[in-house]
Amino acid sequence: MDPEVSRIQDDPDVRVMMAGSTLRKVKSKSWKKQRHFRLLEDGLTIWYKSRWAGRGHSTFSVTEVEAVREGHQSEVLLSIAEEFPADVCFTLVFRGRQGNLDLVAESPEEAKAWVQGVRKVIHKAQTMDEKERLDQWVWDWFQKADKNKDGKMIFKEVRTLLKMMNVEMNEEHALHLFAMADKSESGSLEIEQFVHFYKMLTQRDEVWKVFQDYSADGEKLLLDELQSFLSIEQHEGEQSSQHAQELIDRYEPSETAKKQSAMSLDGFQVYLCSQEGSVFKPEHRELYQDMTQPLSHYFISSSHNTYLLEDQLRGQSSLEAYIQALKRGCRCVEVDCWDGSDGEPVVYHGHTLTSKILFRDVISTLKEYAFRASDFPVILSLENHCCLEQQTVMAQHLSHILGDMLLTALLDGQVPQQLPSPQELRGKILLKAKKINSPGDCVDETLTDEVSDEEEMANDDAESLPAEDPAAECLKKSKSKLSRELSDLVVYCKSVHFHGFEHARSQAKCYEMSSFSESKAKKLAKDADFVQYNTRQLTRIYPAGRRTDSSNYNPQEMWNVGCHIVALNFQTAGLEMDLNDGLFGQNGCCGYVLKPDFMRDANTQFGPEKPKELPGYKPLRLSIQICLCLYQVISGQQLPKVNQKEGSIVDPLVRVEIYGVPQDQAKEETSHINNNGFNPVWNETLNFVIHAPKLALVRFEVEDYDKASRNDFMGQFTLPFTCIQAGYRHIHLLSKDGTAIPPSSLFVNISISELQ
């Protein structure tokens, strides 16, 4: 038995989970079914099945669970609150876009044991170091391969294991490794012998050769040898001396080696797989940027139609969609408000079959979750379709529920010449909506200058109609009425119609902002004035109306011209959200990223088509390789299996893509490796030239090659070029959903140099 698992098994709450419980799984008010749940012996996997399901069952790992909520803290459990008291209800909240699991226990004691037990197991999983994670992974494989559960593995079970692990191996070689590990010559492997077998199986020749290059005796790296490696290969310079000792203290498993201030091969591998050995600069994971500049100097993580979990026509509207977006660091959420029954405004995608939720519940959710992931300001983008009476109700809900969180007055009482900074607005929610121009205007004034997204899109369409066309005139005269109470809550984000760059230069105020559909924004992006305009005023971009499937546009095109609020459908995984997660994965994932200096200068002449005209223009060469003398490879460790057909083995290839200004858009890929998803090696180097490094994102994608059809996605990782650590690095791959898939990774050697 794994010692770490044994220790957690002693906990009384975990013992309840391992013994198993019958819990009600709840999907809706009418769907409540009993399932038997239990924690498996690995201490990480929760297994459950219906008593009528025969041999069928489901499992999930506790590492996929982000949090446990007690009581009626989900829409589903709230709907059955009268039937089941809060003390028997709890919710498992999963990472990524996976839906919640709502459960009802037989008793408060049982519910409490599961809530506390799951939290303890999550904590244990999160606090494991790299070696413990690897040990746990090996233990998991042993459990999967030991079919008869006798604590031993015969060679037949090992052969099955190799298939499960994505390894196509000569049977003679596999038998040879098995015999070497079977020290007792019993014809089977126990857990300790299996660990030895695993180490032989996963011997990383490329890491071993790098280690040998710097180790005088081939057994260990002395302090000065590790320092040389850090200085030469990892490009650490003067700090390598102190850092070498810190790495030994942190990652070396052998106490003997530690006493000698040395690092073994095991310690070296653990370091390379750690966050410090990651491709992403650890210091850029933290909040490292200046947060005292005007809001218009930042890119802001933004969601479109935030309330939707699915498509734009029939999808479910849900409070969980807001929670998920805010948890991801989103700092601009959208609320589409329409008149509801009983005088209560509702939120949904108007004139569609999407379900409805109450406006007041959305605002309560915003209060609860707005500042969990980041304490920098949240912009509430209001799409207002309500009558005057319900607008007043909205204003009351905003004021009463949010209280001091809602910014309702200028910070210093003065009309600003520039927008306040994220630092000044920490912990505040800003309303983006229409606003009556001056205090003397009547309450129900008809407004012709401020329009909603739908009206803006209609205006875009109208511009393409002949001038004498009555339909064009009708669309251009779109009018709405606005409640004074709601108008007064708008301070720094007043929605206005865009009248052109010349008008903005002479007339516009910094607190006025316009929204553009992606198609309109692409037209404006051709104008050299767009970047300059975006230094002073906020701009919001949203997906075209034709994207009823909640697909996304490429946000990079909008960031290239300095647009701040590039709103995406957060519920839809794919390349576009990978880019968004990549950009905002830096700076503490706070949802704000400082724009490059040439996009903050009010007199900037920068255009994405002309990066060579940048002051101090210096293109950089990016090489992705593993170098050993003339031997150059990229290797992939333990890639996830995507095709679950019996006996299938993946044929992986690596593609590296650059997203940035048009001149930097590029992609290169390796050849595919036949039948090896466990430890493939590519003898190839990929080279790129980057002309605007401060705008570039680098995306690593691994695919399963298929000559007959489209390649299958296996994993990806995207990060800003400016966050890349040069040297020998691991790239920890993410699923399509953006969640980690340990221990899948790429091992690369990256060099960045000035183009000669």
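Residues numbered from 1 in each chain as written. Predicted model: local features only at pLDDT ≥ 70, side-chain atom pairs only at ≥ 80, totals over all residues. Heavy atoms only, no water.

Trainee: Could you give an account of the overall build of the protein chain, naming the residues involved and the relevant values?
Mentor: Along the protein chain, the regular secondary structure elements total 25 helices and 34 strands. Expressed as a percentage of the 756 residues in the protein chain, the buried residues total 55%. With an accessible surface of roughly 32,900 Å², the protein chain has 49% of that area assigned to carbon and sulfur atoms. (Helix = DSSP H or I, 4+ residues; strand = E, 2+ residues; numbered from the N terminus. Buried < 20%, exposed > 50% of the residue type's maximum accessible area, 1.4 Å probe, protein only. Areas by Shrake-Rupley, 256 points an atom, 1.4 Å probe, with all protein chains shown as cover.)

Trainee: Any chance you could break down unusual backbone geometry for me, citing the residues and the numbers?
Mentor: If you check the backbone angles, H235 has positive phi at about 55° while not being a glycine. If you trace the backbone, H235 turns up in the loop between α10 (223–232) and α11 (240–251).

Trainee: So, the packing of helix α7 (residues 171–181) against helix α8 (residues 191–201): which residues are in play, and what are the values?
Mentor: Between α7 and α8, the shortest axis-to-axis distance is 9 Å and the interhelical angle comes to 140°. Judged by the inter-axis angle, α7 sits oblique to α8. Crossing of α7 against α8: the hand is right-handed. Contacts between α7 and α8 involve A174, L177, F178, M180 and A181 from the first element and Q193, H196, F197, M200 and L201 from the second. Class assignment for the residues of the contact of α7 with α8 results in eight nonpolar, two polar and no charged. (Axes fitted to C-alpha atoms, helices over the stretch in contact; angles between N-to-C directions. Parallel < 35°, antiparallel > 145°, perpendicular 65-115°, else oblique. Left-handed = near helix turned anticlockwise from the far one by under 90°. Contact = heavy atoms within 4.5 Å. Nonpolar A, V, L, I, M, F, W, Y, C, P; charged D, E, K, R; others polar.)

Trainee: For the packing of helix α2 (residues 12–19) against helix α4 (residues 108–127), give the residues involved together with the corresponding values.
Mentor: Two packed helices can be described by the angle between their axes and the distance between those axes. In contact at an axis separation of 8 Å, α2 and α4 are set at 105° when each is read in the N-to-C sense. In terms of orientation, α2 and α4 fall into the roughly perpendicular class. Along its contact with α2, which presents D13, V14, V16 and M17, the element α4 presents A113, W114, Q116, G117, V118, K120 and V121. A class-by-class count of the residues in the contact of α2 with α4 yields seven nonpolar, two polar and two charged.

Trainee: Go over the pattern of salt bridges with me, naming the residues and quoting the values.
Mentor: Scanning the model with the defined rule gives 29 salt bridges in all. In this structure, D737 engages R97 in a salt bridge whose closest nitrogen and oxygen atoms are separated by 3.0 Å. You can see D737 sitting in the loop between β33 (727–734) and β34 (740–754) and its partner R97 sitting in the loop between β6 (89–94) and β7 (101–104), a full 640 residues away along the chain. Note on accessibility: D737 and R97 belong to one class, buried. (Salt bridge = Lys/Arg side-chain N within 4 Å of Asp/Glu carboxyl O.)

Trainee: How would you sum up the packing of aromatic side chains? Please name residues and give values.
Mentor: Overall, the coordinates contain 25 aromatic pairs when judged by the stated rule. Consider the rings of F598 and F606, whose centres lie 4.6 Å apart with planes at 45°: the pair is tilted. For the pair F598 and F606, one class covers both residues: buried. A cation sits over an aromatic face here: R38 above W47, 4.9 Å from the ring centre. (Phe/Tyr/Trp six-rings, centres within 6.5 Å; stacked < 30°, edge-to-face > 60°. Lys NZ or Arg CZ within 6 Å of the ring centre and 35° of its normal.)

Trainee: Mind laying out the pairing of strand β21 (residues 512–517), listing which residues take part and the relevant values?
Mentor: Among the six residues of β21, six are classified as buried, and the element is accordingly described as predominantly covered. Of the two faces of β21, both are covered, the one formed by E512, S514 and F516 as well as the one formed by M513, S515 and S517. Looking at chain direction, β21 and strand β22 (residues 539–542) are connected through four bridges and run parallel. Counterpart to S515 in the pairing with β22 is R540. (Pairing = 2+ DSSP bridges.)

Trainee: Could you give an account of the nonpolar core, with specific residues and numbers?
Mentor: Among the nonpolar cores identified, the biggest contains 68 residues, and V335, V347, F359, L380, L382, L398 and L431 are the most heavily contacted of them. Once residues lying within four places of it in the same chain are set aside, the contact partners of L382 are V335, C337, F359, M394, L431, K432, A433 and L486. Counting 31 residues, the second largest nonpolar core, distinct from the first, contains I673, I690, F700 and L719. (Core = buried A, V, L, I, M, F, W, Y, C linked by side-chain atoms within 4.5 Å.)

Trainee: Got a sec to walk through the sheet that holds strand β4 (residues 58–61)? Specific residues and values, please.
Mentor: The antiparallel open sheet is built from seven strands, whose spatial order is β4-β3-β2-β1-β7-β6-β5. Edge positions in the open sheet fall to β4 and β5 (65–70), since each of these has one partner strand only. The sheet shows a mean angle of 30° between the axes of neighbouring strands, direction not considered. Across four bridges, the pairing between strand β3 (residues 45–49) and β4 is antiparallel.

Trainee: Go over the pairing of strand β12 (residues 298–303) with me, naming the residues and quoting the values.
Mentor: Side chains on a regular strand alternate between the two faces of the sheet. In terms of burial, β12 is a largely internal element, six of the six residues being buried. Burial along β12 is two-sided: the face carrying Y298, I300 and S302 and the face carrying F299, S301 and S303 are both buried. Both β12 and strand β24 (residues 592–594) contribute to a ladder of three bridges, which runs antiparallel. Opposite I300, over in β24, you have Y592 as the bridge partner. Inspection of the sheet shows β12 paired to strand β23 (residues 565–568) by four bridges, in the parallel sense. Across the sheet, S302 pairs through a bridge with A567, a residue of β23.

Trainee: Explain helix α9 (residues 205–214) to me, and be specific about the residues and the numbers.
Mentor: Within α9 the residues assigned to the buried category are E206, V207, V210, F211 and Y214. Seen from one end, α9 has its buried residues packed into an arc of 140°, which puts them on one side. (Arc of directions from axis to C-beta.)

Trainee: Before we move on, could you go through the environment of K481 and cite the residues and values that matter?
Mentor: Within the secondary structure, K481 sits in strand β19 (residues 480–481). Owing to a relative accessible area of 47%, K481 belongs among the partly exposed residues under this scheme. Separated by 90 residues in the primary sequence, K481 and Q391 place their C-alpha atoms 9.7 Å from one another.

Trainee: Summarise the side chain of S50; cite the residues concerned and give the values.
Mentor: Among the structural elements, S50 can be located in the loop between β3 and β4. With a relative accessible area of 11%, S50 lands in the buried category.

Trainee: Before we move on, could you go through the side chain of E344 and cite the residues and values that matter?
Mentor: Within the secondary structure, E344 sits in the loop between β13 (332–338) and β14 (346–347). For E344, a relative accessible area of 17% gives the class buried. Setting aside its immediate chain neighbours within four residues, E344 contacts L358, R360, Q390, V393 and H397.

Trainee: Quick rundown of helix α15 (residues 319–327)? Include the residues and the values.
Mentor: Counting buried positions over the nine residues of α15 gives eight, a clear majority of the element. Taken as a whole, α15 has its buried residues at L319, E320, A321, Y322, I323, Q324, A325 and L326. In the core, the buried residues of α15 are packed alongside β5, α3 (75–79), β13, β14, β15 (357–358) and α16 (359–369). Where α15 begins, one side-chain oxygen reaches toward the backbone nitrogen of E320, 2.9 Å away; that side chain belongs to S318. (Polar contact = N/O pair within 3.5 Å; in protein donor to acceptor, adjacent residues only side chain to side chain.)

Trainee: Break down the confidence of the model for the protein chain for me, with residues and values.
Mentor: Note: predicted coordinates in regions of low pLDDT should not be interpreted at a detailed level. Mean pLDDT over the protein chain works out to 86, with 87% of the residues at or above the 70 mark. Predicted confidence is poor over residues 461–479, with pLDDT under 50, and the contacts of this stretch with residues over four places away or in other chains come to 18 contacts. Here residues 626–635 is a poorly scored stretch, pLDDT under 50, and it has 47 contacts once near neighbours within four places are set aside; other chains count. (pLDDT = per-residue confidence, 0-100.)

Trainee: Please set out the state of the cysteines residue by residue, giving values where relevant.
Mentor: In a disulfide, the sulfur atoms of two cysteines are held together by a covalent bond. Throughout the structure, instances matching the rule amount to zero disulfides. Considering cysteine sulfurs only, C590 is the nearest to C589, which forms no disulfide, with 8.3 Å between them. The exposure class assigned to C589 is partly exposed, which follows from its relative accessible area of 36%. (Disulfide = S-S within 2.5 Å.)

Trainee: Please set out the environment of R426 residue by residue, giving values where relevant.
Mentor: With respect to the secondary-structure elements, R426 resides in the loop between α17 (388–402) and β17 (429–433). Overall, R426 belongs to the partly exposed group, its relative accessible area being 32%. Put simply, R426 and M405 are 21 residues apart on the chain and 9.5 Å apart in space, counted from C-alpha to C-alpha. Once residues within four sequence positions are removed from consideration, R426 is found in contact with D375, F376 and P377. Of the polar contacts made by the side chain of R426, one reaches the side chain of D375; its length is 3.1 Å.

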